[in-house]
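# A closer look at the structure
The chain contents come next:
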Amino acid sequence: MSQQKVKYILGIETSCDETACAIVKDGTKIISNVVASSQDIHAKYGGIIPDQAAREQLKSILPVIHEAHVADIDAIGVTVGPGLIGSLLVGVETAKALAMAWNKPIIPVNHLVGHIYANWLEPRTQNLEPPTFPALVLIVSGGHSELVLMKDHGKFKYLGGTRDDAAGECFDKCARLLNLGYPGGPAIEKAAVAGNAKLPRPMISDDNLDFSFSGLKTAVASKLTSYPANFLAYELQEAVTDVLVSKTRRAAKKYDVKNILLAGGVAANKRLREKIPEAICPPIKLCTDNAAYIASAAFFNQKIVPWEKINADPSLGIGV
Ligand code: KG4
Ligand code: ZN
């Protein structure tokens, strides 16, 4: 099937605690974009409970597809991994059933690759040129913090990543310690007030492109009684964003890239965006999980796979 023929793609995303469905034209124009989240349920516990997330996915998937007004689509793009197995299966099996019933092709999408394509969606690309290659991508989400070289559509080289907690995970765990609620990233951003608390910048001077954020959680825990939560929130945001920006710039220089792209939920962080003004960033509301970027990634990487051969893969990686 040629790229010209596949115009309208239905995207389905259920890798974690969002149930999302979108229709995107030509990989850039959002026709509909529906996201249902079970975040409020997880907020009570300060983190995601996988079984509960899968059950909520099951409840939401058909209403969300219904609400997206799916009609006359050419193909289905679905997240096959990485993510929580119970959650992934809901989207994958629904996509397979729809593909079989409607006789439409399926394009499997890697969730991390999907996040990157938020940079191809309107409104960003309405007035601006799409990103050019080679591009250096910083993917920062609740489960991942990776630096990836994007040589072309679908061509990735893994350069480095976190050795323990992801940046978003660090925000989520520290927000819990600080009693700021869940998800932690936006809560920390909101609570941050400049003060005199000091935290380390883990691995900032190391000669590699890896990260380590779990020590920051321990450091925050040890200072809970010495500083107000707002000061610790501010300093945590400074520490995480300093390290992310420093390593991203180092990688961009090393690989002499044409663009730096931010992607993932943490890319919504205003302080991060402010500290690296040369980077291309997705519109804030398209940073966190949605299906529009899944449909876009499917458009630009049209590898159709027969539905019988599509399987969820919770530990799918990006690049080699
Ligand atoms: O990409 P995403 O929606 O889901 C995953 O694929 O993990 O990312 C969710 C993560 C959470 O850890 C959340 O705390 C973080 O992104 N996040 C933020 C912000 N908005 C969401 N972190 C910092 N600042 C934000 N504004
Ligand atoms: Zn995500």
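The present account deals with the structure reproduced in this document. Please read these numbers as outputs of a predicted model, since none were measured by experiment. The written sequence of each chain sets the order in which its residues are numbered from 1. Labels are handed out in written order, letters beginning with A for the chains and numbers beginning with 1 for the ligands. Residue-level local features of this predicted model are given only where pLDDT is at least 70; pairs of side-chain atoms are given and counted only at 80 or more, and the full residue set underlies all totals for whole chains, interfaces and linings. Computation of side-chain values: all heavy atoms of the structure, hydrogens and water removed.

### A look at helix α11 (residues 292-300)
- In terms of residue burial, α11 counts as a mostly covered element, since 9 of its 9 residues are buried.
- Buried means the residue's accessible area, taken with a 1.4 Å probe over protein chains only, is under 20% of the maximum for its type, while exposed means over 50%, and partly exposed covers the values in between. Elements are defined by DSSP. Helices are runs of H or I of four residues or more, strands are runs of E of two residues or more, and each kind is numbered from the N terminus. Among the residues making up α11, those that are buried are Ala292, Tyr293, Ile294, Ala295, Ser296, Ala297, Ala298, Phe299 and Phe300.
- Packed against the buried residues of α11 are β1 (8-13), β2 (18-25), β3 (29-37), β4 (75-81), β5 (106-110) and α4 (111-116). Only heavy atoms enter the contact rule, under which two residues are in contact if any of them lie within 4.5 Å.

### As for the pairing of strand β6 (residues 135-140)
- Burial analysis of β6 places 6 of its 6 residues in the buried class, the great majority of the element.
- Here β6 shows no split at all, with Ala135, Val137 and Ile139 on one side and Leu136, Leu138 and Val140 on the other all buried.
- In this scheme, strands are said to pair when DSSP sees at least two bridges between them. Pairing between β6 and strand β9 (residues 259-263): 5 bridges, direction parallel. Paired with Ile139 across the bridge in β9 is Ala263.

### Side note on the sheet that holds β6
- Taken in spatial order, the 4 strands of this open sheet run β8-β7-β6-β9, and their pairing is mixed. Only two strands of the sheet have a single partner each, and these edge strands are β8 (155-161) and β9. Mean inter-strand twist for the sheet, computed between neighbouring axes without regard to direction, equals 25°.
- Against the sheet, helix α9 (residues 229-254) touches β6, β7 (145-152), β8 and β9, its axis set at about 155° to β6. For every element, the axis is a line fit to its C-alpha atoms; helices are fit only across the contacting stretch, and the angle between N-to-C directions ranges from 0 to 180 degrees.

### Some details on the packing of aromatic side chains
- When the centres of two rings from Phe, Tyr and Trp lie within 6.5 Å, Trp using its six-membered ring, the rings pair. Their planes under 30 degrees apart give stacked, over 60 give edge-to-face, and anything left gives tilted. For the coordinates displayed, the defined rule picks out 6 aromatic pairs.
- Relative to Phe300, the ring of Trp120 lies with its centre 6.3 Å away and its plane at 55°, an arrangement referred to as tilted. With a gap of 180 residues between them, Trp120 in the loop between α4 and α5 (124-127) and Phe300 in helix α11 connect regions that are remote in the sequence. When sorted by exposure, Trp120 lands in the same class as Phe300, which is buried.
- Seen from their ring centres, Phe211 and Phe213 are 5.7 Å apart, and the 15° between their planes marks the pair as stacked.
- Using a relative accessible area of 0% as the deciding quantity, one classes Phe211 as buried.
- Relative accessible area serves as the criterion here: at 0%, Phe213 is assigned to the buried category.

### Here we look at the sheet that holds β2
- One open sheet accounts for 5 strands, arranged β3-β2-β1-β4-β5; its pairing is mixed. The two strands at the open ends of the sheet, each matched to only one other strand, are β3 and β5. With strand direction ignored, the average angle separating the axes of adjacent strands in the sheet is 20°.
- In terms of strand pairing, β4 meets β5 through 5 bridges, oriented parallel. Counterpart to Thr79 in the pairing with β5 is Val109.

### A look at the coordination of the zinc ion (ligand 2)
- For the zinc ion (ligand 2), the full set of protein donor atoms is His111 (NE2), His115 (NE2) and Asp289 (OD), at a range of 2.0 to 2.1 Å.
- Nitrogen, oxygen and sulfur within 2.8 Å of a metal are treated as its donors, or within 3.2 Å for sodium, potassium and calcium (Na, K, Ca); water is not counted, so a site can appear incomplete. Counting gaps between the donor residues of the zinc ion (ligand 2) yields the pattern H-x3-H-x173-D. Remark: His115 and His111 occur in helix α4; sequence separation between them is 4 residues, near one turn of the helix. In this structure, His111 and His115 share a single accessibility class: buried.

### Let's talk about helix α6 (residues 167-177)
- Among the residues making up α6, those that are buried are Ala167, Gly168, Cys170, Phe171, Asp172, Cys174 and Ala175.
- Summarising the contacts, the buried residues of α6 are in contact with β6, β7, α7 (184-191), α8 (214-222) and α9.
- Asn179 lies just past α6 and shows a positive phi near 60°.

### With respect to the site of ligand 1
- Here, proximity means that at least one heavy atom of the residue falls within 4 Å of the molecule or strand. Around ligand 1, 20 residues are found, and the nearest of them are His115, Gly142, Asp172, Gly185 and Glu189.
- Accessible surface area values rest on a Shrake-Rupley calculation with a 1.4 Å probe, where residue burial reflects the displayed protein chains alone. Its free accessible area being 550 Å², ligand 1 has 90% of it covered by the protein chains.
- If you list the elements that add at least two residues to the shell around ligand 1, you get α4, α6 and α7.
- Examining the composition of the shell around ligand 1, we find that 4 residues originate from one element, α7, more than from any other.

### Details of the side chain of Glu13
- Residue position: Glu13 is located in strand β1.
- With residues up to four places along the chain from it excluded, the contact list for Glu13 reads Glu18, Thr19, Ala20, Thr79, His111, Asp289, Asn290, Ala291 and Ile294.

### Side note on the pairing of β3
- Here β2 runs beside β3; their pairing, made up of 8 bridges, is antiparallel. Following the sheet pairing, Thr19 is matched in β3 by Ala36.
- The antiparallel hairpin formed by β2 and β3 contains 3 residues in its connecting segment, where Asp26 sits at a positive phi of about 50°.

### Structural notes on the environment of Asp313
- Its location among the elements puts Asp313 in the segment after α11.
- Residue class for Asp313 comes out partly exposed when judged on its relative accessible area of 31%.
- Setting aside chain neighbours within four positions, we find Asp313 in contact with Val80, Gly81, Pro82 and Leu88.

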